Amino acid sequence: MVAYTVIVCTKCRLQCQVIEDRGQKSIKCQRCGATLQFRKLRKFHRTEILDEAIAARTALQAQLQGTDSKKISQILSDASDSQLQSSPPPQKRSSNPSKYIINALENQEKIQIRQLFQMAEDAGFEREKIEKALQNLKNSGDIYTPGKGYLKLA
């Protein structure tokens, strides 16, 4: 599975990026073009879910925008200590996996099945219960697959 990492350019200190972690040795800053050694960069957030990485990058970038250069170092050190560094696993929202799946699909037009499994497992549901709930919801006509690997509410 692909891992995504949120980093900040060490040269311009103004650009947050989501990087696909493939074991690369270096990357380029999208803003200043500096070549950065990946293993030496501070990783502010790491996840296998792209949307989660984008949200973490957006939050960190928002903190950096409009800030003078003196405050940037403080923000970066605070962010590494905050939730961006290691966000705790989400609490179980419901004891019923079917309700959890319906709620997840109500928030999005469609969702990747693997992403739904990851979200539900992170929320504390067992994979077998998720599979059974998905099958029941498909059989009852509450959800369907609009394309390969996706789910959508009916």
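Residues numbered from 1 in each chain as written. Predicted model: local features only at pLDDT ≥ 70, side-chain atom pairs only at ≥ 80, totals over all residues. Heavy atoms only, no water.

## Here's the deal with the nonpolar core
Grouped together as the largest cluster of nonpolar side chains are 17 residues, with contacts concentrated most on Ile101, Leu116, Ile130, Leu134 and Leu151. Among the elements of the structure, helix H3 (97–106), helix H4 (113–122) and helix H5 (127–140) are those that each provide at least two residues to this core. With residues up to four places along the chain from it excluded, the contact list for Leu116 reads Ile101, Ala104, Ile111, Leu134 and Leu151. (Core = buried A, V, L, I, M, F, W, Y, C linked by side-chain atoms within 4.5 Å. Buried < 20%, exposed > 50% of the residue type's maximum accessible area, 1.4 Å probe, protein only. Helix = DSSP H or I, 4+ residues; strand = E, 2+ residues; numbered from the N terminus. Contact = heavy atoms within 4.5 Å.)

## Some points on the pairing of strand S8 (residues 150–153)
Judged from the two bridges that link them, strand S6 (residues 111–112) and S8 form a sheet pairing that is antiparallel. Within S8, the residue paired with Gln112 across the bridge is Tyr150. Adjacent in sequence and paired antiparallel, strand S7 (residues 143–144) and S8 are bridged by five residues, among which Gly149 carries a positive phi angle near 85°. (Pairing = 2+ DSSP bridges.)

## Concerning the sheet that holds strand S2 (residues 16–21)
As summarised here, the arrangement of the three strands in space is S2-S1-S5, forming an open sheet in which the pairing is antiparallel. Each edge of the sheet is formed by a strand with only one pairing partner; in this case those strands are S2 and strand S5 (45–47). With direction set aside, neighbouring strand axes in the sheet form an average angle of 20°. Relative to S2, strand S1 (residues 3–8) runs antiparallel, the two being bridged by six bridges. (Axes fitted to C-alpha atoms, helices over the stretch in contact; angles between N-to-C directions.)

## Section: the packing of aromatic side chains
Scanning the model with the defined rule gives one aromatic pair in all. On the numbers, 5.3 Å between centres and 50° between planes, the contact of Tyr100 with Phe125 is tilted. A residue pair is termed long-range when its members are at least 10 positions apart, and Tyr100 in helix H3 and Phe125 in the loop between H4 and H5 qualify at 25 residues. Exposure class is identical for Tyr100 and Phe125. Each is buried. The cationic tip of Lys43 hangs over the ring face of Phe38; the distance from NZ or CZ to the ring centre is 4.5 Å. Taking NZ or CZ as reference, Arg127 lies 4.2 Å from the ring centre of Phe117, over its face. (Phe/Tyr/Trp six-rings, centres within 6.5 Å; stacked < 30°, edge-to-face > 60°. Lys NZ or Arg CZ within 6 Å of the ring centre and 35° of its normal.)

## Structural notes on the sheet that holds S8
Strand order across the open sheet formed by three strands is S6-S8-S7, with antiparallel pairing between neighbours. The outermost strands of the open sheet, each flanked by one partner alone, are S6 and S7. H3 contacts S6, S7 and S8 of the sheet and is inclined by roughly 90° relative to S8.

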